[in-house]
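Commentary on secondary and tertiary structure
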Amino acid sequence: MHPNLERAKEAMKAEKLTCVLTEGGVMFKSKDKGVQPLLDWMNSGNNYMSYMIADKVIGRAAAFIDIAMGIREVYAEVMSEGAKTLLENNHVVVNYDTLVPEILNADKTDLCPLEKAVEGIENAAEALMPIELALIRMNG
């Protein structure tokens with residue numbers, strides 16, 4: 001794992017963050033849950049090509065956003081098998097602690113709504129609108 005990503009991972013755990021975006025000496029930190037911090041960063045107008053991200057959970061929805069942002073390396077405490085494949089197929093270096101078959105909803109009774117939103121999608125550009133719509137429905 002790249003030393004900058006290792007520092008981001010350590011910061012995430014030490015400061016109880018949900019994700020940390022890093023490049024060089026720069027670190028953007030968030031305590032927001034889900035993919036919202038990723039979308040906020042992506043929609044900020046800043047260029048995050050070649051950045052790295054440490055995240056608590058990376059499913060396919062988060063992976064699509066990481067790909068759209070141009071992230072080059074990721075670390076996840078928990079990663080889905082689908083996210084791992086998607087990231088690797090898009091030349092993103094993958095690191096994780098636990099690999100799971102899929103990301104479930106909060107009460108573990110079904111697939112996460114964001115993961116349902118991107119089922120069958122293989123292109124990051126096509127995934128962004130369904131992710132945004134699923135978030136609107138979830139936040140109702």
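Residues numbered from 1 in each chain as written. Predicted model: local features only at pLDDT ≥ 70, side-chain atom pairs only at ≥ 80, totals over all residues. Heavy atoms only, no water.

**Considering helix α1 (residues 3-14)**
As a reminder of what qualifies: Numbering of helices and strands runs from the N terminus; a helix is a DSSP stretch of H or I covering at least four residues, while a strand is a stretch of E covering at least two. In a helix, the anticipated span is given by 1.5 Å times the number of residues less one. Only heavy atoms matter for contacts: two residues are in contact if any of them lie within 4.5 Å across the pair.
Relative to the 16 Å expected for twelve residues at 1.5 Å per residue, α1 spans 16 Å between its end C-alpha atoms, a close match to the ideal helical length. Against the buried residues of α1 lie β1 (19-23), β2 (26-30), β3 (52-58), β4 (73-80) and β5 (93-100). Where α1 terminates, the next one or two residues include Lys16, which has phi positive at roughly 55°.

**Topic: the packing of aromatic side chains**
Aromatic ring pairs are described here by two measures, namely the spacing of the ring centres and the angle between the planes. What counts, and what does not: Centre distance within 6.5 Å is the pairing criterion for rings of Phe, Tyr and Trp, where only the six-membered ring of Trp is used; planes under 30 degrees apart are then read as stacked, over 60 as edge-to-face, and the remainder as tilted. Burial status follows relative accessibility: with a 1.4 Å probe on protein chains alone, a residue under 20% of its type maximum counts as buried, one over 50% as exposed, and anything between as partly exposed.
Applying the stated criterion to the full structure yields three aromatic pairs. Between Tyr48 and Tyr51, the aromatic rings sit 5.0 Å apart at their centres with planes inclined by 85°, giving edge-to-face as the arrangement. Each member of the pair, Tyr48 as well as Tyr51, carries the same accessibility label: buried. Three or more aromatic residues joined by ring pairs form one cluster here, namely Phe28, Tyr48 and Tyr51.

**Thoughts on the packing of helix α3 (residues 60-69) against helix α4 (residues 81-89)**
As a reminder of what qualifies: To obtain an axis, a line is fitted to C-alpha atoms, over the contacting stretch when the element is a helix, and the angle between two such axes runs from 0 to 180 degrees between their N-to-C directions. The labels follow the angle: roughly parallel below 35 degrees, roughly antiparallel above 145, roughly perpendicular from 65 to 115, and oblique for the rest. The handedness criterion is simple: a crossing whose near helix is rotated anticlockwise from the far helix by less than a right angle is left-handed, and one whose near helix is rotated clockwise is right-handed.
Where α3 contacts α4, the two axes come as close as 8 Å, and the packing angle between them is 20°. Comparing the axis directions of α3 and α4 gives the class roughly parallel. Like other packed secondary-structure pairs, α3 and α4 cross with a definite hand, here right-handed. On the side of α3, the interface is formed by Arg60, Ala63, Phe64, Asp66 and Ile67, while α4 contributes Gly82, Ala83, Leu86 and Leu87.

**A look at the confidence of the model for the protein**
Our working definition: Confidence of the predictor at the level of single residues is captured by pLDDT, which takes values from 0 to 100.
Confidence in the prediction of the protein, expressed as mean pLDDT, is 94, and 100% of residues score 70 or more. Taking the mean pLDDT of every element in the protein, the minimum, 91, falls on helix α6 (residues 124-139) and the maximum, 98, on β5.

**A word on the nonpolar core**
Under the convention used in this document: The nonpolar core is taken to be a set of buried Ala, Val, Leu, Ile, Met, Phe, Trp, Tyr and Cys residues, with the residues joined through side-chain atoms within 4.5 Å.
Ranked by internal contacts, the top residues of the largest apolar core, which has 39 residues, are Val35, Ile58, Val74, Leu87 and Ile131. The leading source of residues in this core is α3, at seven residues. Every residue in contact with Val35, bar those within four places of it in the chain, is listed here: Ala62, Ile65, Leu114, Ile131 and Leu135. Leu5, Met12, Val20 and Ala54 belong to the second largest nonpolar core, which has eight residues in total.

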